[in-house]
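Structural description and commentary
The residues making up each chain are set out below.
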Amino acid sequence: MDFSVFFQPAFSGGGTYLDWVLSGIQWTLLVSILGWVIAFTVGSVLGVLRTTQRVVLRAPATLYVEVFRNVPLLVQMFIWYFVLPEIVPRALGDWMKTQMPMPEFWNAVLCLGFYTASRVAEQVRSGIQSIPRGQTYAGLAMGLTQPQVYRHVLLPMGYRIIIPPLTSEFLTIFKNSSVALTIGVLELTAQARQISEYTFRTFEVFTVATVVYVLITLTVTVAMRALEGKVRVPGYLGPAGR
Amino acid sequence: MIAIKNVSKWYGEFKVLAGCTTQIEKGEVVVVCGPSGSGKSTLIKCVNGLEPFQEGEILVDGISVGGRKTDLPKLRSRVGMVFQHFELFPHMKVLENLTLAQVKVLGRTPEAAIEKGLRLLERVDLSAHKDKFPGNLSGGQQQRVAIARALCMDPIAMLFDEPTSALDPEMINEVLDVMVELAQEGMTMMVVTHEMGFARKVAHRVIFMDSGRIVEDAPKEEFFGTPRSERAQLFLSKILQH
Ligand SMILES: Nc1ncnc2c1ncn2[C@@H]1O[C@H](COP(=O)(O)OP(=O)(O)O)[C@@H](O)[C@H]1O
Ligand SMILES: [Mg+2]
């Protein structure tokens, strides 16, 4: 094993291969975290809609979840990047093809975000539905409106209950971000592949990439554990604990 | 104060309530009893619109609960409700449970809400527990907090759905004591319970339900003297044995 390869001048760009790795890490983090912001926001809204009584709200949310959850991520990546510009209104399509800044990056963020949203939606829905119906009755009985019941009663407990499965979705988005390389985002996996092609140090390069992914996921896991401890409700035994 | 006129309700094909009619005057305490599944909870939830009904009419303080123009949250905020499983919000401290609706529904300032909350906690003898979470209180304490929470809204009437059924025997009296006191102060109360001692002590009338019907609706003396229906006699003899 010879890790000195990372300090050699890179094939292009003026830096070392270490700079390529660092740049890859940066894009991996950016794609994943921005994707997660979309996934969490959109997924929360969809998850809430799936628990409402009104069919006009519930049905579209259900359709969304079924479609986005069941089409392979790789296919969705191609659709966002290659197909979408062709099927949106002409002016928007032209803008996406010629003027959109960093189109690979933004399409990857949107793709990953909207795909993961379908999975977050399912977690949010199950969290809300695991709360006994009496809680909703209690909120409504004191005069809260339905949205206020979600805001003050259902979501605060629902989110707490789903922290563990939500953590695993958050971890998955970092791993799934490597799919962005297929549309040309130079994230960590793409950089690793590129460096190994130039240097033939495949083993060293992918060892480093693996270690970096593990470090990222470990950090996320530790952070989410800390969050879970911070918001733990004293004396609460879980929805089945009464 | 509460007028229930010919109310019928179906769950699909199943008729839960069959032409229920009764009236509760201001300051009156009415106990509702009957076998499990007879529709007591359903009826009491219809009174504040937590359950919709298909036929008949319910007026609370002259306002039609099922009316299309009725501001249900506003109406509900004027009627307190206490549940079998307490339904305190587990992620909020005791005092926060008491102030939430005062602030969000009645628009009181947080300071005014806290002052009111503390006064009612004092009344149920739980001031020392104001900063605890519900999960760290006993069942009896939780139910007293739930009663205080409802009273914070200055309700014109109180609904109780089996408030002592989920309690260990040694905690039943601490809750009943609070309810007796309320009754003696002239609160309008509709109480689903099998605590016949409570009924004898403070009820004005007793309603007996069976299979979604109001079978007996009689002044207390008459009910405990000679209930007219065989079904009620049988039921009474069963629950008075314990
Ligand atoms: N959401 C529901 N869907 C269908 N049936 C229900 C529902 N809620 C209650 N029921 C039925 O309605 C009947 C009356 O229930 P309930 O009012 O809870 O009775 P009680 O409080 O007197 O025990 C029961 O037979 C129960 O199974
Ligand atoms: Mg019941």
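Here the structure is shown first, and the text comes after it.
Residues numbered from 1 in each chain as written. Chains lettered and ligands numbered in written order. Predicted model: local features only at pLDDT ≥ 70, side-chain atom pairs only at ≥ 80, totals over all residues. Heavy atoms only, no water.

1. A few points about the overall build of chain B
- Secondary structure summary: chain B contains 9 helices and 10 strands in total.
- Along the first, second and third principal axes, the C-alpha atoms of chain B reach 50 × 45 × 30 Å.
- In chain B, which comprises 242 residues, the share counted as buried stands at 57%.
- Of the accessible surface of chain B, which amounts to about 10500 Å², a share of 48% is contributed by carbon and sulfur atoms.
- If the 29 positive side-chain charges of chain B are averaged to one point and the 31 negative ones to another, these points end up 4 Å apart. (Helix = DSSP H or I, 4+ residues; strand = E, 2+ residues; numbered from the N terminus. Buried < 20%, exposed > 50% of the residue type's maximum accessible area, 1.4 Å probe, protein only. Areas by Shrake-Rupley, 256 points an atom, 1.4 Å probe, with all protein chains shown as cover. Lys, Arg positive; Asp, Glu negative; His and termini not counted. Charge placed at Lys NZ, Arg CZ, Asp CG, Glu CD.)

2. As for a nonpolar patch on the surface
- There is a patch of nonpolar side chains on the surface, built from Leu74, Val75, Phe78, Ile79, Phe82, Val83 and Ile87 of chain A and spanning about 590 Å² of accessible area.
- Looking at where Leu74 of chain A falls in the secondary structure, it is placed in helix α3 (residues 73–87). (Patch = residues over 30% accessible without salt bridge, like charges linked within 9 Å, V, L, I, M, F, W, Y side chains within 5 Å. Salt bridge = Lys/Arg side-chain N within 4 Å of Asp/Glu carboxyl O.)

3. With respect to the sheet that holds strand β1 (residues 2–11) of chain B
Residue and element names in this part refer to chain B.
- Taken in spatial order, the 4 strands of this open sheet run β2-β1-β4-β5, and their pairing is antiparallel. Each edge of the sheet is formed by a strand with only one pairing partner; in this case those strands are β2 (14–24) and β5 (63–64).
- Bridge count between strand β4 (residues 55–60) and β5: 2 bridges; the pairing is antiparallel. Counted as the bridge partner of Leu59 is Ser64 from β5.
- Running over the sheet, helix α1 (residues 40–47) touches β1, β2 and β4 and is turned about 120° from β1. (Pairing = 2+ DSSP bridges. Contact = heavy atoms within 4.5 Å. Axes fitted to C-alpha atoms, helices over the stretch in contact; angles between N-to-C directions.)

4. Concerning the interface of chain A and chain B
- Taken together, the contacts link 22 residues of chain A with 26 residues of chain B.
- One can count 0 salt bridges joining chain A with chain B.
- Remark: the boundary between chain A and chain B carries 4 residue pairs in polar contact (both at pLDDT 80 or more).
- When contributions to the side of chain A that touches chain B are tallied by element, the ones reaching two or more residues are α6 (133–141) and α7 (146–161) of chain A. (Polar contact = N/O pair within 3.5 Å; in protein donor to acceptor, adjacent residues only side chain to side chain.)

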